Amino acid sequence: MFVQILEGRTNDAEGLQRRGEQWQEELRPGATGFLGVTSGVTADGKAITIVRFESEQAARANSERPEQGAWWSETEKYYTGSVTFAESSDVSQHLGSGSDDAGFVQVMKTTGADRQVVERLDEQFDLVASARPDLLGTVRIWTAPDACYEVAYFTSEAEARAAEKAEPPAEVASLMAEFETVFANTEFLDLTAPQLH
């Protein structure tokens, strides 16, 4: 899997969503190797789009299509200021990856993570997930040796917030505490109206 991530700010979340829907209707049929997209805008106007392709080659071929360039030229106008891009094929998935059934998506952008510790904790992820029935799946994208995006898909924001406050079993609590420590330097992007395809 190869993932492309776009970040920027917008003051027209609905317009940006319409552009995404237009891409699905008009450009997706010709996007060979396209697997899916998760996008949305936070309450304070930060927009993020995470696009998944089967391979880097497929992603590059899509980017080089003239219709893709024309679509982006118009879509870029819905951002205020510059848009940053990141991409990676260093991707892991848990609980079957993302889900189009999610009512709430949280993107966690982390720097300074000890990857060896993360991978050790991942071995016990199923135990943590067992205490979170609201969690449908996650995708982690490493963009540097100590930097990653974690995309978590939840049934709803209300259920996710309630589960955050619930007291987990002792063995799960200790693991969650370790996760919080290793992901201490994290920016949380809450997508309450995610666009999922």
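All figures in this text were calculated on a predicted structure; none of them were measured in a lab. (Residues numbered from 1 in each chain as written. Predicted model: local features only at pLDDT ≥ 70, side-chain atom pairs only at ≥ 80, totals over all residues. Heavy atoms only, no water.)

Draft legend 1. Spatial organisation of the pairing of strand E6 (residues 104–110). Within E6, 6 of the 7 residues are buried, which leaves the element mostly enclosed by the surrounding structure. In terms of strand pairing, E6 meets strand E8 (residues 147–154) through 7 bridges, oriented antiparallel. The partner of Thr 110 across the bridge, within E8, is Cys 148. In this structure, E6 lies alongside strand E9 (residues 186–191), joined through 6 bridges in antiparallel fashion. Residue pairing for E9: Gln 106 is matched across the bridge by Asp 190. (Buried < 20%, exposed > 50% of the residue type's maximum accessible area, 1.4 Å probe, protein only. Helix = DSSP H or I, 4+ residues; strand = E, 2+ residues; numbered from the N terminus. Pairing = 2+ DSSP bridges.)

Draft legend 2. Structural context of the sheet that holds strand E2 (residues 34–41). On the basis of which strands lie adjacent, the open sheet formed by 5 strands has the order E4-E1-E3-E2-E10 and antiparallel pairing. A single partner strand is all that each edge strand has here, and the edge strands are strand E4 (84–88) and strand E10 (195–196). Inspection of the sheet shows strand E1 (residues 2–9) paired to strand E3 (residues 46–53) by 8 bridges, in the antiparallel sense. Paired with Leu 6 across the strands is Thr 49, a residue of E3. In this fold helix H1 (residues 13–27) packs onto E2, E3 and E10, with an angle of close to 170° to the strand it touches most, E2. (Contact = heavy atoms within 4.5 Å. Axes fitted to C-alpha atoms, helices over the stretch in contact; angles between N-to-C directions.)

Draft legend 3. Representation of the packing of aromatic side chains within the structure. This structure, assessed with the given rule, holds 7 aromatic pairs. Ring geometry for Phe 34 against Phe 53: centres 5.9 Å apart, planes inclined by 75°, an arrangement best described as edge-to-face. Here Phe 34, found in strand E2, pairs with Phe 53, found in strand E3; they are 19 residues apart in sequence, far enough to count as distant. Like Phe 34, the residue Phe 53 is buried in the burial classification. Pairwise contacts between aromatic rings join Trp 71, Trp 72, Tyr 79 and Phe 85 into one cluster. (Phe/Tyr/Trp six-rings, centres within 6.5 Å; stacked < 30°, edge-to-face > 60°.)

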